[in-house]
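Here's the letter readout for the chains.
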Amino acid sequence: MKHYDKLIFVSESDTITSPMAEAILSRHFLLEDILILSKGLVVLFPEPINPKAEAVLVAQGLTMKDHMSDPLDEADFDDRTLVLTITGAEKERLLRDFANPINVFSLSEYIRAEGEVHDPYGGTLGDYGQCFRELNAQIERLAGILQQEELN
């Protein structure tokens, strides 16, 4: 049985890690349709995905070229929405800044993994590639967990 109708990846600015996570999970076949989005904790105005993040996605046959950053809002929280922050620090900020957050976990917490994805902001293209590999490994596990939850 499907637990969630929507999954929102949340990062600081919604320009690097969360849109990359959205792109990676969107390519997975899930037993049930789930709306996959990404949002940011600090979005003052819409911005496109970071060019280095997009270059890494394109090299993997993915793209988020039409993505514009979007702020997380109180209305995003409900019983049928899973909210996954990329890092534990982002989860703590979210829990502090929002009045009624529910179904909120860090990505590594939800998949029961050690370590977190490192934000490559300001780094080299290689750093962005490493971020993609870390995200991809965690999202592979996430896809498996979501599939298993749908079967139960």
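Residues numbered from 1 in each chain as written. Predicted model: local features only at pLDDT ≥ 70, side-chain atom pairs only at ≥ 80, totals over all residues. Heavy atoms only, no water.

Student: What's the story with the pattern of salt bridges in this structure? I'm lost.
Tutor: Proximity of charged atoms lets side chains of opposite charge pair with each other. The final tally for this structure, using the stated rule, is eight salt bridges. Linking aspartate 70 and lysine 39 is a salt bridge whose minimum nitrogen-to-oxygen distance equals 3.2 Å. Taken together, the positions of aspartate 70 in the loop between helix 2 (51-59) and strand 3 (81-85) and lysine 39 in strand 2 (residues 35-40) put the pair 31 residues apart, joining distant regions of the chain. By relative accessible area, which is 10% here, lysine 39 ends up buried. For arginine 93, the salt bridge identified is with aspartate 97, shortest N-O distance 3.2 Å. (Salt bridge = Lys/Arg side-chain N within 4 Å of Asp/Glu carboxyl O. Helix = DSSP H or I, 4+ residues; strand = E, 2+ residues; numbered from the N terminus. Buried < 20%, exposed > 50% of the residue type's maximum accessible area, 1.4 Å probe, protein only.)

Student: How should the nonpolar core be read in this particular structure?
Tutor: A general trend in soluble globular proteins is that nonpolar side chains are found buried together. Counting residues in hydrophobic clusters, the biggest one holds 34 residues, and the most contacted among them are Leu7, Phe9, Met20, Leu25, Leu135 and Leu142. Going through the elements one at a time, strand 1 (6-11), helix 1 (17-26), helix 2, strand 3, helix 4 (107-110) and helix 5 (125-151) are the ones with two or more residues in this core. Looking at this core element by element, the count peaks at nine residues for helix 5. Excluding residues that lie within four positions of it along the chain, methionine 20 makes contacts with Ala53, Val56, Leu57, Tyr128, Cys131, Phe132 and Leu135. Core analysis: the second largest hydrophobic core is formed by nine residues, Ile8, Val10, Val83 and Val104 among them. (Core = buried A, V, L, I, M, F, W, Y, C linked by side-chain atoms within 4.5 Å. Contact = heavy atoms within 4.5 Å.)

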